[in-house]
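A look at the structure
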Amino acid sequence: MITCDVCGHLNDSSSAICENCGSDLSDSPDWGGYDDLNFDESDEMGYYD
């Protein structure tokens, strides 16, 4: 999941543009694919990519 830096909306990992506000997601720290996925953190948040 990619969190939008502008509105905070959680977007699908394959999204390049926020589904909620239309902002560019490539500037998000979450951008980069599955290599950066922290399974412990995603478990605590209640979702997985």
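Keep in mind that this is a model prediction, so the values were computed, not measured. (Residues numbered from 1 in each chain as written. Predicted model: local features only at pLDDT ≥ 70, side-chain atom pairs only at ≥ 80, totals over all residues. Heavy atoms only, no water.)

Focus on the side chain of Ser 15
Locating Ser 15 in the fold gives a position in the loop between strand S2 (10-11) and helix H1 (39-45). The residues touching Ser 15, leaving out its near neighbours within four places in the chain, are Ile 2, Leu 25 and Trp 31. (Helix = DSSP H or I, 4+ residues; strand = E, 2+ residues; numbered from the N terminus. Contact = heavy atoms within 4.5 Å.)

Looking at the confidence of the model for the chain
With 63% of its residues at a pLDDT of 70 or more, the chain shows a mean pLDDT of 76. Per-element confidence in the chain is highest for S2, whose mean pLDDT is 94, and lowest for H1, whose mean pLDDT is 54. (pLDDT = per-residue confidence, 0-100.)

With respect to the environment of Ser 14
With respect to the helices and strands, the residue Ser 14 is situated in the loop between S2 and H1. Taking relative accessible area as the criterion, Ser 14 reaches 65% and is therefore assigned exposed. With 13 residues separating them in the primary sequence, Ser 14 and Met 1 have C-alpha atoms 8.4 Å apart. At a separation of 2.5 Å, a polar atom in the side chain of Ser 14 contacts the side chain of Asp 12. (Buried < 20%, exposed > 50% of the residue type's maximum accessible area, 1.4 Å probe, protein only. Polar contact = N/O pair within 3.5 Å; in protein donor to acceptor, adjacent residues only side chain to side chain.)

Considerations on the state of the cysteines
All chains considered together, the criterion is met by 0 disulfides. With no disulfide of its own, Cys 18 lies closest to Cys 7 among cysteine sulfurs, the gap being 3.7 Å. (Disulfide = S-S within 2.5 Å.)

Concerning a negative patch on the surface
Taken together, the side chains of Asp 5, Asp 24, Asp 27 and Asp 30 present a region of like negative charge at the surface. With respect to the secondary-structure elements, Asp 30 resides in the loop between S2 and H1. (Patch = residues over 30% accessible without salt bridge, like charges linked within 9 Å, V, L, I, M, F, W, Y side chains within 5 Å. Areas by Shrake-Rupley, 256 points an atom, 1.4 Å probe, with all protein chains shown as cover. Salt bridge = Lys/Arg side-chain N within 4 Å of Asp/Glu carboxyl O. Lys, Arg positive; Asp, Glu negative; His and termini not counted. Charge placed at Lys NZ, Arg CZ, Asp CG, Glu CD.)

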